[in-house]
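# A look at the structure
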Protein chains: 2
Amino acid sequence: MTASIPNHPPEPASERRRPTIHDVARDAGVSKTSVSRYYGRERDLLSDTMIERIEAAIERLGFAPDRIASSLRGRRTGLIGVVVADMRNPYTVDMLHGAEQACRKHGYSLLVCNTGNDDQLERQHLEILHGYSVEGLLINTRGRNAATLAARQDNGLPMVLVDRHIDGLACDMVGLDNDQAVGLSVSHLVDQGYQRLLMITEPVAGISSREARIQAFQHQAQAAGVLAEVHEGLEETLDAAWLAATLEQWLKTSEAPGAIVCANGVITLAVCHALFALLKSPFDQVGLLGIDELAWCALVGPGITTVAQPVGDIGYSAIEALVHRISHTASEPQSLLFPAHLTPRGSTTLNMT
Amino acid sequence: MTASIPNHPPEPASERRRPTIHDVARDAGVSKTSVSRYYGRERDLLSDTMIERIEAAIERLGFAPDRIASSLRGRRTGLIGVVVADMRNPYTVDMLHGAEQACRKHGYSLLVCNTGNDDQLERQHLEILHGYSVEGLLINTRGRNAATLAARQDNGLPMVLVDRHIDGLACDMVGLDNDQAVGLSVSHLVDQGYQRLLMITEPVAGISSREARIQAFQHQAQAAGVLAEVHEGLEETLDAAWLAATLEQWLKTSEAPGAIVCANGVITLAVCHALFALLKSPFDQVGLLGIDELAWCALVGPGITTVAQPVGDIGYSAIEALVHRISHTASEPQSLLFPAHLTPRGSTTLNMT
DNA sequence: ATTGATATTGGGACCGTTCCCAAACAGTAT
DNA sequence: ATACTGTTTGGGAACGGTCCCAATATCAAT
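Under an unreviewed UniProt entry, the name given to chain A is LacI family transcriptional regulator, and the organism recorded is Kushneria indalinina DSM 14324.

Below is the structure:
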């Protein structure tokens with residue numbers, strides 16, 4: 001009579017109960033506390049014998065700890081919530097990629113929510129993330145839910161903003177040094193001989209990075225003595241007709257050589273489409289510079305000059321900042337601004353004809 | 001003496017304990033079971049009075065249920081794990097976007113993991129997702145961890161593959177009808193008068209969608225009576241020098257008009273870069289067609305002809321399939337293949353000069 | 001042998017829910 | 001009244017871990 005003949009049939013694999021810390025303890029002939037310690041930071045309390053026995057049992061049973069159960073009493077979910085306005089925006093994509101890497105490094109996992117620029121959906125997502133007791137929040141949204149966020153923050157939830165501040169929310173922020181980035185742009189264009197500049201942007205709608213870029217643009221253009229205009233789209237996704245009309249109007253305003261500055265990558269795409277619809281060979285007649293580097297910028301026309309943000313680094317640092325806040329006690333909110341880098345291409349080479 | 005003077009000081013907001021179902025029950029003067037029922041599907045057991053009182057208490061205390069605690073006993077985490085090979089790939093981005101929408105609709109949240117084409121990292125991520133007791137898995141990876149996945153599947157974890165089958169894993173799959181997509185491509189190119197075709201692809205490495213595209217390409221080119229060559233990169237990210245050499249070689253092989261077929265969007269980008277490095281005005285000398293539509297394809301040269309997959313729908317349907325598996329008992333694995341749509345542009349207009 | 005100090009180990013309450021089952025409460029038929 | 005339905009309600013064990021604290025073991029010093 002040996003244990004090799006179980007008296008109850010093995011359940012079908014598909015419903016086999018997953019082994020618990022309890023099973024491991026029994027199998028190893030130790031207490032569950034010891035098994036728990038094996039995974040936690042009290043591990044060095046355990047004797048070598050104990051470790052061996054536990055390891056063997058874990059191996060035998062194929063045990064893996066249940067993070068859900070663990071976070072209930074243990075208070076650490078290992079979850080970080082990300083709320084982004086548009087997960088298809090190339091900026092967001094690269095930012096998330098950086099964030100994912102940092103998360104992995106620190107042992108966190110990402111719960112990703114897309115709001116599609118819908119404020120109510122954003123609130124809903126914040127509620128869900130609250131439900132999962134995320135340990136921190138990474139936020140890149142329109143910022144219309146400052147009150148909800150402030151409440152969570154007061155409850156002790158660490159959060160870091162990406163790319164933009166939110167009014168009424170004293171909070172860490174990681175983003176671009178917009179003054180420097182616009183400075184690079186404007187001085188490059190002026191150096192190239194352009195005499196009038198047009199910035200196209202999405203609706204500012206209180207979004208700090210958009211504001212900052214416009215402000216910097218106007219100041220620096222004025223300082224450099226060139227004409228500057230800013231046109232702000234009516235909707236978050238720029239209307240093609242509006243854009244075409246705006247560009248056409250601006251183009252025929254003057255004979256002086258001019259260049260367009262696109263306030264971000266999405267705008268660059270839209271403006272390119274509009275220019276090609278409007279003109280046969282647009283870059284012979286107008287300069288173009290985009291903030292945000294995109295994979296295809298070198299391919300269009302003579303190549304589009306861009307000012308690149310280190311987007312991956314921004315996401316990565318945002319998580320680092322968040323993790324720091326999670327494990328350290330409160331301190332003054334800080335902003336971390338990265339410099340941009342200009343890549344000159346043909347779209348800002350003025351043809352002297 | 002009233003309750004308005006608490007005898008213990010209120011804790012700082014930042015450490016205030018979050019209210020529990022228990023607090024709500026006490027405040028409403030009902031049992032915690034009733035409060036629990038308020039959220040669960042036994043809700044209709046509750047009388048109207050009860051509902052009112054509970055709602056009022058929830059409101060007063062700002063209670064929100066703790067999903068972690070709830071999933072411990074309740075066995076439903078509401079979490080779906082996604083494992084993707086490359087979260088920056090435009091395909092992945094749009095697929096995830098579709099998946100996110102479907103998840104929201106069904107009340108699930110996404111735990112996103114990026115493997116960066118690293119098999120070991122993939123295993124690690126699978127372990128993490130197992131730890132969180134995700135209810136299902138969405139997988140778009142190289143497929144080297146079939147054994148690990150099969151084990152999870154035997155344990156009863158539902159999973160759905162996206163874009164590619166994995167050998168040794170009997171599993172639902174949602175992807176592209178590659179035969180149809182390649183058919184569109186080849187017949188379009190043949191119709192345009194191209195006499196020889198070159199397909200560029202990443203290393204096949206057992207990835208089913210790549211295999212399928214190559215197979216279909218060779219068969220259909222043969223059937224149409226045009227020469228066809230397939231060149232497969234050496235590394236997952238195509239080496240620029242290798243690509244340049246390959247293209248140059250192919251271009252000078254013959255005078256007959258030829259076209260390049262890029263097996264996916266990432267390849268299209270790489271090939272464009274290579275072509276522009278190689279030739280002044282590439283599309284005068286060679287046709288180009290890309291599988292996968294990209295935002296910029298209309299902008300490059302005369303516009304690049306593409307065969308678009310409905311990527312968002314693919315992600316959306318994958319989640320729907322997964323959710324179906326989660327709530328229904330096992331059935332035969334199914335494949336859901338979407339048709340592609342061709343957008344002709346200038347890159348496949350043969351110049352008769 | 002006795003004591004004290006230190007290094008390991010174990011027991012059991014607890015985390016915030018869900019779920020099983022029994023209790024309380026109708027209302028209706030005897 | 002009594003019994004017998006059916007509808008609501010509540011009590012307490014469970015879920016799988018963590019953590020506090022007490023228990024035991026070890027060993028050197030008295």
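## So, the sheet that holds strand 1 (residues 79-84) of chain B
Strand order in the open sheet made by the 12 strands is 11(A)-5(A)-4(A)-3(A)-1(A)-2(A)-2(B)-1(B)-3(B)-4(B)-5(B)-11(B), with mixed pairing throughout. On the outer flanks of this sheet lie strand 11 (335-338) of chain A together with strand 11 (335-338) of chain B, each paired with one strand and no other. Looking at each pair of strands side by side, their axes are set apart by 20 degrees on average, direction ignored. Where strand 3 (residues 136-140) of chain B meets strand 4 (residues 159-162) of chain B, 3 bridges bridge the pair, whose relative direction is parallel. Following the sheet pairing, L138(B) is matched in strand 4 of chain B by V160(B).

## Observations regarding the protein's contact with DNA strand D
The local shell around DNA strand D holds 26 residues, among which I21(A), S36(A), K32(B), R37(B) and S47(B) are the closest. For DNA strand D, the backbone portion of the atoms within 4 Å of the protein, that is sugar and phosphate, comes to 57%. Note that a base oxygen of DNA strand D is positioned 3.3 Å from one of the backbone N or O atoms of R73(B). Contact between DNA strand D and R75(B): a phosphate oxygen at 2.9 Å from a side-chain N or O atom of the residue. Secondary-structure elements contributing two or more residues to the surface near DNA strand D are helix 2 (32-39) and helix 4 (67-74) of chain A together with helix 2 (32-39) and helix 4 (67-74) of chain B. Per-element tally for the surface near DNA strand D: the top contributor is helix 4 of chain A, with 5 residues.

## Focus on helix 9 (residues 208-224) of chain B
All names here are of chain B. Relative to the 24 Å expected for 17 residues at 1.5 Å per residue, helix 9 spans 24 Å between its end C-alpha atoms, a close match to the ideal helical length. Looking at the buried positions of helix 9, the neighbouring elements they touch are strand 5 (172-176), helix 8 (178-192), strand 6 (196-201), strand 7 (227-232), strand 8 (258-262) and strand 9 (287-291). Positive backbone phi, approximately 75 degrees, marks G225, located one or two places after helix 9.

## A look at the UniProt feature "domain: HTH lacI-type" (unreviewed entry) in chain A
Listed under "domain: HTH lacI-type" (unreviewed entry) in the UniProt record, and renumbered for this structure, are residues 19-74 of chain A. Each end of residues 19-74 of chain A is marked by a C-alpha atom, and these two atoms are 20 Å apart; helix forms 68% of the span and strand 0%.

## What about the nonpolar core?
I260(A), V271(A), W296(A), I260(B), V271(B) and W296(B) are the most contacted members of the largest nonpolar core, which totals 50 residues. Every element with two or more residues in this core is listed here: strand 6 (196-201), helix 10 (240-253), strand 8 (258-262) and helix 11 (265-278) of chain A together with strand 6, helix 10 (240-253), strand 8 and helix 11 (265-278) of chain B. In this view, V271(A) contacts I200(A), L243(A), L247(A), I260(A), C262(A) and L288(A); residues no more than four positions away in its chain are not counted. In terms of nonpolar packing, the next biggest core, distinct from the first, is built from 48 residues, V82(A), M87(A), I314(A) and I314(B) among them.

Calculation rules
Residues numbered from 1 in each chain as written. Chains lettered and ligands numbered in written order. Predicted model: local features only at pLDDT ≥ 70, side-chain atom pairs only at ≥ 80, totals over all residues. Heavy atoms only, no water. Pairing = 2+ DSSP bridges. Helix = DSSP H or I, 4+ residues; strand = E, 2+ residues; numbered from the N terminus. Axes fitted to C-alpha atoms, helices over the stretch in contact; angles between N-to-C directions. Near = heavy atom within 4 Å. Polar contact = N/O pair within 3.5 Å; in protein donor to acceptor, adjacent residues only side chain to side chain. Expected span 1.5 Å × (residues − 1). Contact = heavy atoms within 4.5 Å. UniProt positions renumbered as here; feature names shortened; annotations may be inferred. Core = buried A, V, L, I, M, F, W, Y, C linked by side-chain atoms within 4.5 Å. Buried < 20%, exposed > 50% of the residue type's maximum accessible area, 1.4 Å probe, protein only.

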